[in-house]
Amino acid sequence: DVQLQASGGGLVQAGGSLRLSCAASGYILDDYEICWFRQAPKKEREGVFCISSSEGREWFADSVKGRFTISSDIAKNTVYLQMNNLKPEDTAVYYCAAIAVVRVNYYYPPRPYEYDYWGKGTLVTVSS
């Protein structure tokens, strides 16, 4: 089975940076699309950034354009989310999720219920 572990969250001042990691095991990342989702208090879970290495595709939410980037290290089965110029609005629990590329339909914004595997999430708190 596929297991995901998100890490790297923490408390950061507005304007600061964090790098989140999503470590996958069970199957190689190249076989899956990996998406970062986040869920802020009292808000629905929303897609943030997705990468599908085998398809050469990525997607990101308009709200993070120019601030967040995504990268993958296939050898380490890890996806990274570099978050720069963080804003209080970015405060949320961040999750990584996976779907096999043979199943993904590349509908964006990604719909959480379509993703088969989830990590436990990591909390990002951005102070004003």
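None of the values given here were measured: they were computed from a predicted structure. (Residues numbered from 1 in each chain as written. Predicted model: local features only at pLDDT ≥ 70, side-chain atom pairs only at ≥ 80, totals over all residues. Heavy atoms only, no water.)

### Examining the sheet that holds strand β7 (residues 68–73)
The strand order across the open sheet built from 4 strands is β1-β3-β8-β7, with neighbouring strands paired in antiparallel fashion. Both edges of this open sheet fall to β1 (3–7) and β7, since each of them pairs with a single strand only. Here the strands of the sheet are splayed against their neighbours by 15° on average, with no regard to which way each runs. Bridge count between strand β3 (residues 18–25) and strand β8 (residues 78–83): 6 bridges; the pairing is antiparallel. Within β8, the residue paired with Ala23 across the bridge is Thr78. (Pairing = 2+ DSSP bridges. Helix = DSSP H or I, 4+ residues; strand = E, 2+ residues; numbered from the N terminus. Axes fitted to C-alpha atoms, helices over the stretch in contact; angles between N-to-C directions.)

### Structural notes on the environment of Gly66
The residue Gly66 is located in the loop between β6 (57–60) and β7 in this model. A relative accessible area of 79% means that Gly66 is categorised as exposed. When the C-alpha positions of Gly66 and Asn84 are compared, they lie 8.6 Å apart, and in sequence the two are 18 residues distant. (Buried < 20%, exposed > 50% of the residue type's maximum accessible area, 1.4 Å probe, protein only.)

### Notes on the nonpolar core
Membership of the largest hydrophobic core comes to 41 residues, with the highest contact counts inside it found for Ile34, Trp36, Phe68, Leu81, Met83 and Tyr94. At the level of elements, β1, β3, β4 (32–39), β5 (46–52), β7, β8, β9 (92–100) and β11 (122–127) are the ones that each hand at least two residues to this core. In terms of residues, this core owes the most to one element, β9, which gives 7 residues. Beyond its immediate stretch of four places on either side in the chain, Phe68 contacts Arg38, Val48, Phe49, Leu81, Gln82, Met83, Asn84, Leu86, Asp90 and Tyr94. (Core = buried A, V, L, I, M, F, W, Y, C linked by side-chain atoms within 4.5 Å. Contact = heavy atoms within 4.5 Å.)

### Some thoughts on the state of the cysteines
With the rule as written, the count across this model stands at 2 disulfides. Paired by a disulfide, Cys22 and Cys96 hold their sulfur atoms 2.2 Å apart. Where Cys22 bonds to Cys96 through sulfur, the torsion about that S-S bond is close to 80°, and the disulfide is right-handed. Of this pair, Cys22 sits in strand β3 while Cys96 sits in strand β9, and the two are 74 residues apart along the sequence. Of the residues examined, Cys96 reaches a relative accessible area of 0% and is grouped as buried. Each bonded cysteine in the protein gets a number by its place in the sequence, and the pairs come out as 1-4, 2-3. (Disulfide = S-S within 2.5 Å.)

### Thoughts on the pattern of salt bridges
By the definition in use, this model includes 5 salt bridges. Here Arg103 and Asp116 are joined by a salt bridge, their closest N and O atoms 2.9 Å apart. Of this pair, Arg103 sits in the loop between β9 and β10 (117–118) while Asp116 sits in the loop between β9 and β10, and the two are 13 residues apart along the sequence. One salt bridge in this structure joins Glu114 and Arg111, with 2.5 Å as the shortest N-O distance. Owing to a relative accessible area of 16%, Glu114 belongs among the buried residues under this scheme. One network of salt bridges, in which partners are shared, links Arg38, Glu46, Arg67 and Asp90. (Salt bridge = Lys/Arg side-chain N within 4 Å of Asp/Glu carboxyl O.)

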